[in-house]
Amino acid sequence: MTNNNSESSPRLVAVSNRTAYGSPRAGGLAVALSDTLAETGGLWIGWSGKIFDVPRRRVLNVDEDGVSFALIDMSKAEYEGFYLGYANSVLWPVMHNRLDLAVFDSDYFAAYKAINRQFADVVAAQTTQDDLIWVQDYHFFLLAKFLKDAGCNRRTGFFLHIPFPAPEVFRSIPDHLTLAAGLCAYEVVGLQSSHDCANFARYIQEEIGAEKLDDERFRIGDHILTLRLCPIGIDAEGFSLSATSQAANDASRKLARFLGERDLVIGVDRMDYSKGLPQRFEGMAVLFDKYPDLHGKISFTQIAPPSRSVVEEYAQLRQQLDELSGRINGDYGDLDWIPIRYLARGYERDELAGLYRLARVGLVTPLQDGMNLVAKEYIAAQDPDDPGVLVLSQFAGAADQMTDALIINPHDRNAVAEAVRTALNMPLAERQRRWRALYDGICRQDINWWREHFLAAFDTAEGQY
Ligand code: ADQ
């Protein structure tokens, strides 16, 4: 394959578990990658989404919207060991500080290595030395190492969408040294927050003897690694426009009919134990308990479509939320008032934008989160003349940038309750001031900034390769 575009920009090759194939332009990341891929005649390598009973070594090459895709199938055993197993029952819980939920099974790691090797083989076969390989997320810690071990020289970068935990936590993964060696084989590693960068830098210095050269660069043997703080953004202006689209207005009108005069407090999350949903529900219960004057005056609506529901912990979470919302509605509700509405389903982006805009308070309280794009979407969707208030967990990567939100500890139910009350009572001038600062920030460091900031790290790394 050749780069059919300008000589100055190398062809970009993205690698991720899921690609945008079949649902192009669905989200910010898909758009940001698709644009650059289309501009550079690029390639996107990922899982086809198909699972077969027996392994099939088939790679499907297809084009869509100016982007080429190389799609790889998985067998049922690979999907269970790699995706449900190592990625989502080891790495996801540990990286989110939930060691108690991790299942350390050596078969899972074997499957993880096998899939990383298989993807590396496809990268090697379908790219040239001039290409720039950008690997996304925790599914592929080992890909660059497998490429190198096979003698395949490529410029490789890796972006981690989820947090990098404290070294003490990361070390508890039995295979942590192999994973770290994998990460350190990339030339550029991008992380979401300053906290993640500090954790990663400390880990590689303490555990594998990395030598710090300057703020971003580390020497590991004869390899130089660039560690880039690169918080992901959204298409802020585009999302802002979505919030006044027809679909947004329709969704908002529908909900407004149910709300009547009540103020809306909204939560929108993939149903995941990292998102702090039970703690958030409990925080709202404290609010209703402490402030009877709010009874009948507000409605908390939580939208949380189930994800990964075949993993045991996710099924348990679903049950816990069903019980909690039932209990809180039973305790505080009345004939004409349901305190918590909990909708276990997804909505279209435009519809979500309309719902965010209607909400006086956006409640984003994860216990750990790489970034949290909902916080940014909520701000982008607001009416500048009458904006709502964002209540944000200190443990979301977004808290690094969004300091004009009401920042709280999500484990502290009282703090959640008090922040919601403060938000509901906040004078218009203060809401406008906070919103303006937040909106300017998400426009400045939007999804295109993120992509360019990451790729620019290769300029610094130039010559080391
Ligand atoms: P996620 O854990 O999925 O992403 P998040 O950043 O909040 O978390 O993104 C969720 C996306 O899904 C948002 O765009 C949101 O609009 C959408 N969404 C959520 N609920 C929805 C619903 N009910 N209907 C439709 N859409 C819904 C991972 C990391 C994050 C990191 C992102 C990007 O865990 O920390 O911010 O990647 O790097």
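Residues numbered from 1 in each chain as written. Predicted model: local features only at pLDDT ≥ 70, side-chain atom pairs only at ≥ 80, totals over all residues. Heavy atoms only, no water.

Participant: Looking at this structure, I do not really get the overall build of the chain. What am I missing?
Facilitator: What the chain contains, in helices and strands, is 16 helices and 16 strands. Against the compact-globule benchmark of 23 Å for 465 residues, the chain has a radius of gyration of 23 Å, which places it among compact chains. Based on the C-alpha atoms only, the size of the chain along its principal axes is roughly 70 × 45 × 45 Å. Burial analysis of the chain (465 residues in total) assigns 56% to the buried set. (Helix = DSSP H or I, 4+ residues; strand = E, 2+ residues; numbered from the N terminus. Rg over C-alpha atoms; globule rule 2.2 N^0.38 Å. Buried < 20%, exposed > 50% of the residue type's maximum accessible area, 1.4 Å probe, protein only.)

Participant: I tried to follow the site of the ligand on my own but got confused; where do I start?
Facilitator: Taken together, 23 residues sit near the ligand, with His161, Asp369, Met371, Leu373 and Glu377 positioned nearest. In the model, an oxygen atom of the ligand is placed 2.6 Å from a nitrogen or oxygen of the glutamate 377 side chain. The protein chains hide 83% of the 710 Å² of surface that the ligand would expose on its own. At the level of secondary structure, the elements contributing two or more residues to the shell around the ligand comprise α12 (349-358) and α13 (373-380). Counting residues domain by domain, the shell around the ligand receives three or more from each of domain 1 (12-233 + 447-460) and domain 2 (236-444). (Near = heavy atom within 4 Å. Polar contact = N/O pair within 3.5 Å; in protein donor to acceptor, adjacent residues only side chain to side chain. Areas by Shrake-Rupley, 256 points an atom, 1.4 Å probe, with all protein chains shown as cover. Domains from an automatic or database assignment.)

Participant: Even after reading the chapter, I still don't get the packing of helix α10 (residues 277-290) against helix α11 (residues 312-332), so can you show me in this structure?
Facilitator: Helix-helix packing: each pair is described by the crossing angle between the helix axes and the interaxial distance. Packing of α10 against α11 leaves a shortest axis separation of 10 Å and a crossing angle of 5 degrees. Between α10 and α11, the crossing angle belongs to the class labelled roughly parallel. Between α10 and α11, the residues in contact are Leu277, Pro278, Phe281, Glu282, Ala285, Phe288 and Asp289 and Leu317, Gln320, Leu321, Leu324, Ser325, Arg327, Ile328 and Tyr332, respectively. Of the residues in the contact of α10 with α11, the class split is 10 nonpolar, 2 polar and 3 charged. (Axes fitted to C-alpha atoms, helices over the stretch in contact; angles between N-to-C directions. Parallel < 35°, antiparallel > 145°, perpendicular 65-115°, else oblique. Contact = heavy atoms within 4.5 Å. Nonpolar A, V, L, I, M, F, W, Y, C, P; charged D, E, K, R; others polar.)

Participant: Is there a simple way to explain the pattern of salt bridges in this structure?
Facilitator: Side-chain pairing between opposite charges can occur once the charged atoms of the two side chains come close. By the definition in use, this model includes 28 salt bridges. For arginine 318, the salt bridge goes to aspartate 322, with nearest N and O atoms at 3.6 Å. Taken as a pair, arginine 318 and aspartate 322 lie in helix α11 at a separation of 4 residues, close to a single helical turn. For arginine 318, a relative accessible area of 32% gives the class partly exposed. Given the relative accessible area of 35%, aspartate 322 is considered partly exposed. A salt bridge links glutamate 377 to arginine 349; its shortest N-O distance comes to 3.5 Å. (Salt bridge = Lys/Arg side-chain N within 4 Å of Asp/Glu carboxyl O.)

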